Amino acid sequence: MNTVTQAQYEFALRRIEELLPLVDDSMPANDRHAVELTLMSDIVIAYEKEHFPIGKPTVSELIELSLAEKKMTQRQLALEVGVSPSRISDYVSGRAEPTLKVARQLCRALNIAPAAMLGC
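Figured I'd write up the structure that's included with this text. Keep in mind that what you see is a predicted model, and the values were worked out from it rather than measured.

Moving on to the packing of helix 1 (residues 6-19) against helix 2 (residues 32-51). Close contact between helix 1 and helix 2 brings their axes to 9 Å; oriented N to C, the two are set at 140°. Between helix 1 and helix 2, the crossing angle belongs to the class labelled oblique. Crossing handedness for the pair helix 1 and helix 2: left-handed. Of the residues in helix 2, those in contact with Gln6, Gln8, Tyr9, Phe11, Ala12, Leu13, Arg15, Ile16 and Leu19 of helix 1 are His33, Glu36, Leu37, Met40, Ser41, Ile43, Val44, Tyr47 and Glu48.

Take a look at the structure:
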């Protein structure tokens, strides 16, 4: 796809808002509204990939997000992993990176994919 302009992006966003009430899961894929919604979505995705790229989360972001999802405190995580609460605080703040052994335990405790923890 060619580069999407800001005007095309803004048009696509407005059109998506108009199309969403007209399209539902029971609609055939070749319905004109469903097809147009797909095309407008592709335009928005292309523009946002170029202008608003999302980088991979850092170890500290992974831990912080997972703690929030699990409604777990840093102290609870420290007990589960077997490190001090201040060490967990160091990981969350980005002042320190966990060792591979601790990273493995964090992945298990927080249900984080090991590849994500390694930045893959």
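This part covers helix 1. With 14 residues, helix 1 should reach 20 Å at 1.5 Å per residue; the first-to-last C-alpha distance of 20 Å fits that figure. Those residues of helix 1 that sit buried are Tyr9, Ala12, Arg15, Ile16 and Leu19. Each buried residue of helix 1 lies within a common arc of 130° when the element is viewed along its axis, so the set occupies one face. Exposed and facing more than 90 degrees away from the buried side of helix 1 are Ala7 and Glu17.

Criteria and thresholds
Residues numbered from 1 in each chain as written. Predicted model: local features only at pLDDT ≥ 70, side-chain atom pairs only at ≥ 80, totals over all residues. Heavy atoms only, no water. Axes fitted to C-alpha atoms, helices over the stretch in contact; angles between N-to-C directions. Helix = DSSP H or I, 4+ residues; strand = E, 2+ residues; numbered from the N terminus. Parallel < 35°, antiparallel > 145°, perpendicular 65-115°, else oblique. Left-handed = near helix turned anticlockwise from the far one by under 90°. Contact = heavy atoms within 4.5 Å. Expected span 1.5 Å × (residues − 1). Buried < 20%, exposed > 50% of the residue type's maximum accessible area, 1.4 Å probe, protein only. Arc of directions from axis to C-beta.

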